[in-house]
Amino acid sequence: MMESHIQILDTANNSLSKNNLIHTERIKEFQEQIDRAAAETHWLKVEARKVGGDIAKYQRSMNNTDMFLKAIANRGSAFPPVID
């Protein structure tokens, strides 16, 4: 009788150990995915900042172009006359 209880407990323990190993491996895989996603997120943020900087440069350039064109429209020329 005692032997059968020990056998049942051993079987249950082995089953739990296998399940624990499976879950531990899955947790490792998930952690690796999380780490890769975090690294990818970092690079996406870096690229977004670069794009944001490019947009800001473009907007400044467009503003300068608008001011240049307004100056031409208001004065006829944005450049001072050349005197020889």
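Thresholds applied
- Residue indices begin from 1 for each chain and proceed along its sequence in written order.
- For a predicted model such as this one, the threshold for reporting local features is a pLDDT of at least 70, and the threshold for listing and counting side-chain atom pairs is 80 or more; totals across whole chains, interfaces and linings nevertheless cover every residue.
- With hydrogens and water stripped out, all remaining heavy atoms of the structure feed into the side-chain values.
- Think of it this way: any DSSP run of H or I at least four residues long counts as a helix, any run of E at least two long counts as a strand, and we number them from the N terminus.
- Note on classification: 1.4 Å probe, protein chains only; a residue is buried when its accessible area is under 20% of the maximum for its type, exposed when over 50%, partly exposed between these limits.
- Using a 1.4 Å probe, the Shrake-Rupley method yields the accessible areas, and only the shown protein chains count as cover for residues.
- Any residue with relative accessible area above 30% and no salt bridge may belong to a patch, with like charges joined within 9 Å and the nonpolar Val, Leu, Ile, Met, Phe, Trp and Tyr side chains within 5 Å.
- Salt-bridge detection follows one rule: a side-chain nitrogen of Lys or Arg within 4 Å of a carboxyl oxygen of Asp or Glu.

(A) Spatial organisation of the overall build of the protein chain. The secondary structure content of the protein chain amounts to one helix and zero strands. Looking at the 84 residues of the protein chain, the share that counts as buried comes to 2%. By element, 61% of the accessible surface of the protein chain is carried by carbon and sulfur atoms, the whole surface being about 7900 Å².

(B) Here's a closer look at a nonpolar patch on the surface. A surface patch of nonpolar side chains, about 240 Å² in accessible area, is lined by Phe-68, Leu-69 and Ile-72. Take Phe-68: it is sitting in helix 1 (residues 2-75). Given the relative accessible area of 35%, Phe-68 is considered partly exposed.

(C) Main features of the pattern of salt bridges. Inspection of the entire model under this criterion finds two salt bridges. The salt bridge partner of Lys-28 is Glu-25, with a shortest N-O separation of 3.6 Å. Of the two residues, Lys-28 and Glu-25 both sit in helix 1, three residues apart, roughly one turn of that helix. Owing to a relative accessible area of 46%, Lys-28 belongs among the partly exposed residues under this scheme.

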